[in-house]
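Geometric and topological summary
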Amino acid sequence: MTRSLDGTTEATPNAEMIPALPGGTVEPADTSPEDTLCREAVEEAQATIGEPVRLGWVYDATGEVYGGIGPCARLRLTAPATSVGPAAVDPATGRTFARLLATPDQAAALLGWGQPGYQQAELAARLAEDRWGIPHPAPAPITELPPT
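Okay, so let's go over this structure. Everything quoted here is computed from the prediction, not taken from an experiment.

**Overview of the overall build of the chain**
On a plain count of helices and strands, the chain comes out with three helices and eight strands. Of the regular secondary structure in the chain, the N- to C-terminal order runs β-β-α-β-β-β-β-β-α-α-β. Counting the 148 residues in the chain, one finds 32% classified as buried. Counting contacts in the chain only where the partners sit at least 6 residues apart, residues at least 24 apart contribute 52% of the total. By element, 57% of the accessible surface of the chain is carried by carbon and sulfur atoms, the whole surface being about 8,900 Å².

Here it is as structure tokens:
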């Protein structure tokens, strides 16, 4: 399967893939949404991250991703990845997820977040450069991290 993400056509690693970013609901042990992101990054992507920064909110009219709870807002955060370990089973779902390396714009396209997603992706890229010294990514093919 191919997708045009930045004017080029790229192969996705798995045509059955449903793109997602680490995230989830705040659990009792989490003291903040930022703690939730740190925990979810480890559970879902085996990634440790630096201090998260809030990017904004996205309105969700149905809350379907949370079992159809109705209208809600989803917080968007960004953080630098500091390490990524071997793929492992997510304790919440029992699944092992593919981990993709993508630019912020590619992630916004894959996730289908529309214009707000592209704006938040651009904000994340600017924050990464200004706060953490991570240069704005050049267009490159999306790649999958090896499981081990």
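What follows picks up the thread again.
**Concerning the packing of aromatic side chains**
For the structure on display, the rule yields zero aromatic pairs. The aromatic ring of Trp113 is capped on one face by Arg76, whose charged end is 3.7 Å from the ring centroid.

**Section: helix H1 (residues 33-45)**
Look at H1: 17 Å from first C-alpha to last across 13 residues, which is about the 18 Å you get at 1.5 Å a residue. Three or more residues of H1 are buried, namely Glu34, Thr36, Leu37, Arg39, Glu40, Ala41, Glu43, Glu44 and Ala45. As for H1, its buried residues are in contact with strand S3 (47-49), strand S4 (53-60), strand S5 (72-78) and strand S6 (81-84). Backbone geometry just after H1 places Gln46 at a positive phi near 55°.

Procedures and definitions
Residues numbered from 1 in each chain as written. Predicted model: local features only at pLDDT ≥ 70, side-chain atom pairs only at ≥ 80, totals over all residues. Heavy atoms only, no water. Helix = DSSP H or I, 4+ residues; strand = E, 2+ residues; numbered from the N terminus. Buried < 20%, exposed > 50% of the residue type's maximum accessible area, 1.4 Å probe, protein only. Contact = heavy atoms within 4.5 Å. Areas by Shrake-Rupley, 256 points an atom, 1.4 Å probe, with all protein chains shown as cover. Phe/Tyr/Trp six-rings, centres within 6.5 Å; stacked < 30°, edge-to-face > 60°. Lys NZ or Arg CZ within 6 Å of the ring centre and 35° of its normal. Expected span 1.5 Å × (residues − 1).

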